[in-house]
Amino acid sequence: MLEVSGCSVRFGGVQALRDVSLSVREGEIVGIVGPNGAGKTTLFDVISGFRKPNSGTVRFRGRDVTRLPAHARAAAGIGRTFQNLGLVRGATVRTNLLAAQHLAAGYSAPAGILGLPSTYGAEARLSRRADALADMLGLSALMDRKVDELPYGVFKRVEVAAALATDADLVLLDEPTSGMGPTERTAFADALAEFRRTFRVTVAMIEHDVPLVAQVCDYVYCLNFGQMLAEGEPDGLRSHPDVIRAYLGDEVPVRLMPSSERGRPFLEVDGLWVSYGERGRVPVLRDLSFEVRHLERLVLLGLNGAGKTTTVATLAGLLRPERGAIVFDGADITDLPAAERVGLGIILVPEGRQVFPGLSVDHNLRLGAWNRRRDAGYVAEGQERVKRVFPHLADRGKQLAGTLSGGEQQMLAIGRALMAAPRLLLVDEASLGLSPAITQTVFSVLDQINTEGVTVVLVEQGMAALDHADRVMILERGELVFEGSSTETDHAGLRERYLGAPVPA
Amino acid sequence: MTTTLTGPDPVVAAPPAERTAGRPSAVGWAARGTVGAALFGLVFLFPLTRSGVDVNIYTEAVIYAIIGLSLNVLLGYAGQISLGHQAFVGVGAFTSAYMVTVHEQNFVAAVGIAVAVGAAQALILGVISLRISGLYFALVSLAYGAMAEDWLFNISSLTGGGTGQPAPKPSAFATDHRYYFLCLAFLALVLYLDWRLTSSKTGRALLALRSNPRVAESFGTSVKRYTLLAFVISGAFASLAGALLAHNTTRVVAGQFQFQLALLFVIMTVVGGLRSRVGVVVGSAFFALTGYFFAHLHLGSAVGALPLVPDLSPAIAPLVLGPLLLLFTLIRHPGGMAEFLDPFQRWLIRGRSARA
């Protein structure tokens, strides 16, 4: 039914997809898994026409649709949902289900505007169809609610309803269960099988919950670094060494670190609740409490959507918790704005580096020292220090940051943080998209920074940072599920958390 | 908040918050009847008691309502800013005047051609809007308005140059009073088309693409095509209004379509309330009549009585009042006058929601 062959996509200096092929047969439910940044959503964009591949073709029902725009692919029968809440905001469920039937309206736009008699009948028919669909998905009572007012799980259900309303033969679901609780997930998995029967649709879904994928999918593809890593029946794939490595990284021998002065509570987090969306619709952190000890290296592990980035962003002051308290070095900073936390020495290296691409390396570094920008001596000294720590950056002072490689950008982002004289350094997924060798280089530098008197919190998905950690915490759906020394965190245990219990052969 | 997350779908369990108002009492019916009759009297009977000079101004208010609806399609439905809307109106005015005076076409044909030409020029601007958007498109539309005023409307062979182009009223509607009712009929037509637009797939397509173009595309809506359609409809409505305006003043000159008019159009639409037909109509009429109120109620000299403040002439009153009301609207009542008018409308016509 769908045949993607040899698709490559690059934007800027990043190769998002490299020679990816995939096929979906009629009536199947196909899963696409892979760690954060693997290129899964890009692949969906290629299939649904939101991004043209640099090479390769997409064939749907035997027809080459590679050059068709997105709305024409929808007309051909490819429907999709979006990762970040893809509905018409501010409109009711009914309006959304009607809008989704754009292609099924059966009259031309001018006929509708002129109010020709036939269009009244057509509108009534669309309305009945929306009602029927809502009925089937248990949304009938909510038809006149604005979608923004709905709880997250229900919102996702409306999204699926809208995708089905488009009359698509192939529905692409982008993380349909993100933000759902365990009960909602189970219900969704059951509903999916029913949709397939009732609507005779074929489904391809991106999903981080590997056990759920294993439960509902007929066939699974695993992407990593933009490449198709493995494919196969779900159970086989879960024990595939490459897949395990993609999620966890290479198994590293963990050495026991002596804990010296480490111990004094440096940062205390108590009962943190953080949600996104209006009226706290999307819960991300639920009653999270933990502490960071002075001069330790703490690694925060968890899958995509676990709440890791939210945690560090809240610590940095970029997000406001609804409840809970944050105490830093004895002072309550819960209500302190982000800029003032920088003054206290809490510095965040954000996910995806976020360097200023149009500025040179030197200018990026100088912006890091914004609070002491008038102290020329301090700024110059800081730049010297960063270039000593990262020799890669030494002779690139004039180069635009946007033209650096991913690894160099990561170094620059850390260097920029160093310019602000951090006491607590929060590093969000430093290893994202980097090769293992570069990742280890970056972590070694962080070790060195740590020995110079900086407390370090690393956010990671895989095991790569474990060798550089004193303590490990694992987050799952916004809750702390494990806390212990890095030696207690073993490969097998983490694997079971991420990919589900191993299947006996 | 926590309970809504862990509980079993409280939204589903709770009955939807429907307005469960019972049938209105006899007093309620009487009140509705009285208000309805008063509105009817104001729009249909009151003008009959006034002089032609006054009615001419009321007609302008009706035409402004069409202009407001036209801008509402672009600004409200499609989310595109246009700061050159006076040029859209002007193109319609000059086309119709040209057709009647130079080519001796009848009124209906002239207005029809004006609408077609207006739609075509809006389409061109629409194509540009697909290339550049936001602030830069606003600048382009602004420049287009200035270009039309200074150059396009001064091409003597088409517009009569400085003396302008005569635009007589159609013989069957030659008096100001009759012409007023003709314009009301056109307003009714535009209201009908706008209503069908919002309750058919075009309205939903525009709603989707304004909210999120990617979602719109995934529903099979061509963002490109529907953005252009919005321009075409807006251009057609604006040109219709322009043609009606031309025959109302019986002579069109370039000076009628100055830049401040574009500002006034945007202000009256926003203050009236984007995406609310009633709001836009009332807001537009209000601003069209501001000068008239100032002149008749001597508000200008009342302002002048304040120390250090000069008299406010009726001609510039809307442009002084407008920005103040715009600020007030954006800060306190982003829904515009419609925030008050829509509930009122729902009360008057019970059961039918004011917005599609």
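Bear in mind the structure is a predicted one, so any value in this text is a computation, not a measurement. (Residues numbered from 1 in each chain as written. Chains lettered and ligands numbered in written order. Predicted model: local features only at pLDDT ≥ 70, side-chain atom pairs only at ≥ 80, totals over all residues.)

## Some words on the overall build of chain B
Heads up, the condition is: A run of H or I in DSSP becomes a helix once it reaches four residues, and a run of E becomes a strand once it reaches two; helices and strands are each numbered from the N terminus. C-alpha atoms define the radius of gyration, and 2.2 Å times the number of residues to the power 0.38 defines the globule rule. Counting other C-beta atoms within 10 Å of a residue's C-beta gives its exposure: the residue is buried at 20 or more, exposed at 12 or fewer, and partly exposed in between, where C-beta atoms are placed from the backbone. Whether two residues are in contact is decided by their C-beta atoms, placed from the backbone, lying within 7 Å.
Scanning chain B for helices and strands turns up 17 helices and two strands. For 356 residues, the compact-globule estimate of 2.2 N^0.38 gives 21 Å, and the C-alpha radius of gyration of chain B, at 22 Å, lies within 12% of that figure. Principal axes of the C-alpha set define a box for chain B whose edges measure 75 × 50 × 50 Å. Taking all 356 residues of chain B together, the buried fraction comes to 47%. When contacts within chain B are restricted to residue pairs at least 6 apart in sequence, long-range pairs at least 24 apart make up 76% of them.

## Overview of the overall build of chain A
Within chain A one finds 18 helices and 20 strands. Relative to a compact globule of 505 residues, whose C-alpha radius of gyration would be 23 Å, chain A shows 25 Å and is just as compact. Taken over the C-alpha atoms alone, chain A extends approximately 80 × 50 × 45 Å along its principal axes. Buried positions account for 49% of the 505 residues belonging to chain A.

## Things to note about the sheet that holds strand β17 (residues 424-428) of chain A
Residues and elements named next belong to chain A. Counted only if it meets this: By definition, two strands form a pair when at least two bridges between them are found by DSSP. Lines are fitted to the C-alpha atoms to define the axes, a helix being fitted only along its stretch in contact, and any angle between axes, read from their N-to-C directions, falls within 0 to 180 degrees.
Read from one edge to the other, the open sheet built from six strands follows the order β16-β17-β18-β13-β19-β20, with strand pairing classed as mixed. Single-partner strands in this sheet number two, and they are β16 (346-349) and β20 (479-485). Each adjacent strand pair in this sheet contributes to an overall mean axis angle of 15°, direction not counted. Of the strands in this sheet, β13 (297-301), β17 and β18 (455-460) touch helix α17 (residues 436-451), which is tilted by about 155° from β18.

## Here's the deal with the packing of helix α14 (residues 277-297) of chain B against helix α16 (residues 317-332) of chain B
Residue and element names in this part refer to chain B. Selection rule: Should an angle lie under 35 degrees it is considered roughly parallel, over 145 roughly antiparallel, and from 65 to 115 roughly perpendicular; all remaining angles are considered oblique. Throughout, a crossing is termed right-handed when the near helix is turned clockwise from the far one, and left-handed when it is turned anticlockwise from it by less than a right angle. Side-chain classes are defined by residue name, with Ala, Val, Leu, Ile, Met, Phe, Trp, Tyr, Cys and Pro counting as nonpolar, Asp, Glu, Lys and Arg as charged, and the others, Gly among them, as polar.
Following both chains from N to C, one finds α14 and α16 inclined at 125°, their axes separated by 9 Å at the closest point. Judged on the interaxial angle alone, α16 and α14 are oblique. Classified by chirality, the crossing of α16 by α14 is right-handed. Facing Phe287, Thr290, Gly291 and Phe294 of α14, the residues of α16 in contact are Ala317, Pro318, Leu321 and Gly322. Of the residues belonging to the contact of α14 with α16, the class tally is five nonpolar, three polar and no charged.

## Looking at the pairing of strand β4 (residues 55-60) of chain A
Residue and element names in this part refer to chain A. The sheet contact formed by strand β1 (residues 2-11) and β4 spans five bridges and is antiparallel. Across the sheet, the residue bridging to Glu3 is Arg59, located in β4. Relative to strand β5 (residues 63-64), β4 is paired through two bridges, and the arrangement is antiparallel. Paired with Phe60 across the two strands is Arg63, which belongs to β5. Here β4 folds back onto β5, and the loop between the two strands holds two residues, one of which, Arg61, carries a positive phi near 50°.

## Overview of the interface of chain B and chain A
Across the contact, 31 residues belong to chain B and 41 residues belong to chain A. Listing elements by their share of the side of chain B that touches chain A, those giving two or more residues are α1 (2-6), α2 (10-13), α9 (176-198), α10 (201-211), α11 (213-218) and α12 (223-249) of chain B. The element that contributes the greatest number of residues to the side of chain B that touches chain A is α10(B), accounting for seven residues. Broken down by class, the residue content of the side of chain B that touches chain A amounts to 15 nonpolar, ten polar and six charged.

## Let's talk about the environment of A:Leu466
All names here are of chain A. Structurally, the position occupied by Leu466 is in the loop between β18 and β19 (471-476). C-beta crowding within 10 Å serves as the criterion here: with 25 such atoms nearby, Leu466 is assigned to the buried category. Between the C-alpha atom of Leu466 and that of Phe443, which follows or precedes it by 23 residues, the distance is 9.9 Å.

## Regarding the domain arrangement of chain A
All names here are of chain A. Counted only if it meets this: For each domain, the first and last residues come from an automatic or database assignment.
Domain assignment breaks chain A into domain 1 (1-77 + 170-248), domain 2 (90-167) and domain 3 (265-499). A C-alpha centroid distance of 26 Å is found between domain 1 and domain 2. On the domain 2 side, the residues contacting the 13 residues of domain 1 number nine residues. Breaking the side of domain 1 that touches domain 2 down by element, the ones donating at least two residues are α2 (70-76), β7 (170-174) and α7 (182-199). When residues of the side of domain 1 that touches domain 2 are assigned to their parent elements, the largest contribution, four residues, is made by α7.

## A closer look at the sheet that holds strand β8 (residues 202-206) of chain A
Residue and element names in this part refer to chain A. In spatial order, the strands read β6-β7-β8-β3-β9-β10; together these six strands make up an open sheet with mixed pairing. Every other strand in the sheet has two partners, leaving β6 (78-80) and β10 (227-232) as the edge strands with one partner each. On average, adjacent strands in this sheet sit at an angle of 20° to one another, irrespective of strand direction. Here strand β3 (residues 29-33) pairs with β8 via four bridges, running parallel. Bridged to Gly31 within β8 is Met205.

## Here's the deal with unusual backbone geometry
Backbone geometry places A:Arg477, a non-glycine residue, at a positive phi of 50°. Turning to its location among the elements, A:Arg477 is positioned in the loop between β19 and β20. Backbone geometry at B:Arg275 places phi at a positive 70°, although glycine is not the residue there. With respect to the element layout, B:Arg275 can be found in the loop between α13 (259-272) and α14. In this structure B:Arg275 comes out as buried when scored by C-beta crowding, with 21 C-beta atoms within 10 Å.

## Focus on the environment of A:Pro234
Residue and element names in this part refer to chain A. When you line up the elements, Pro234 lands in helix α9 (residues 234-238). Taking the C-alpha atoms as reference points, Pro234 and Pro69, separated by 165 residues in sequence, lie 32 Å from one another. Contacts of Pro234, omitting those with residues within four sequence positions, involve Gly31, Val213, Ala214, Cys217 and Val220.

## What about the packing of α10(B) against α12(B)?
For any two helices packed against each other, one specifies the inter-axial angle together with the distance between the axes. Residues and elements named next belong to chain B. Viewed as axis vectors pointing N to C, α10 and α12 meet at an angle of 115°, and their least axial separation amounts to 10 Å. The angle between the axes of α10 and α12 places the two elements in the roughly perpendicular class. Seen along the crossing, α10 lies across α12 with a hand that is left-handed. Touching Thr202, Ala205, Leu206 and Leu209 of α10 are Val223, Tyr226, Thr227, Leu229 and Ala230, all from α12. Grouping the amino acids of the contact of α10 with α12 by side-chain chemistry returns seven nonpolar, two polar and no charged.

## Focus: helix α5 (residues 117-136) of chain A
Residues and elements named next belong to chain A. The condition that has to hold: Expected span of a helix, by definition, is 1.5 Å for each gap between consecutive residues, and there is one gap fewer than residues. For this quantity, the arc is that covered by the directions from the helix axis to the C-beta atoms.
Along its 20 residues, α5 runs 30 Å from first to last C-alpha, staying within 8% of the 28 Å computed at 1.5 Å per residue. Turning to α5, its buried residues number three or more, namely Thr119, Leu126, Ala130 and Ala134. The buried residues of α5 all sit within an arc of 75° when viewed along its axis, so they share a single face. Within α5, the exposed residues directed more than 90 degrees away from the buried face are Pro117, Ser118, Gly121, Ala124, Arg128 and Asp135. Looking at the packing, one finds that the buried side of α5 touches α3 (93-99), α4 (109-114) and α6 (152-165). Phi turns positive one or two residues past the end of α5, at Gly138, with a value near 65°.

## Concerning the environment of B:Tyr144
Residue and element names in this part refer to chain B. Considering the arrangement of structural elements, one finds Tyr144 in helix α7 (residues 135-150). The buried category is assigned to Tyr144, around which 22 C-beta atoms lie within 10 Å. Put simply, Tyr144 and Arg178 are 34 residues apart on the chain and 35 Å apart in space, counted from C-alpha to C-alpha. Dropping the residues within four chain positions of it, Tyr144 is found in contact with Gly84, Ala87 and Leu125.

## With respect to the confidence of the model for chain B
Residues and elements named next belong to chain B. The criterion, for reference: Across the chain, each position has a pLDDT score giving the predictor's confidence in that residue, from 0 to 100.
When pLDDT is averaged across chain B, the result is 88; 91% of the residues are at 70 or more. Residue range residues 351-356 is modelled with pLDDT below 50. Its contacts to residues more than four positions away, or to other chains, number twelve contacts. ipTM for the predicted complex: 0.85, alongside a pTM of 0.79.

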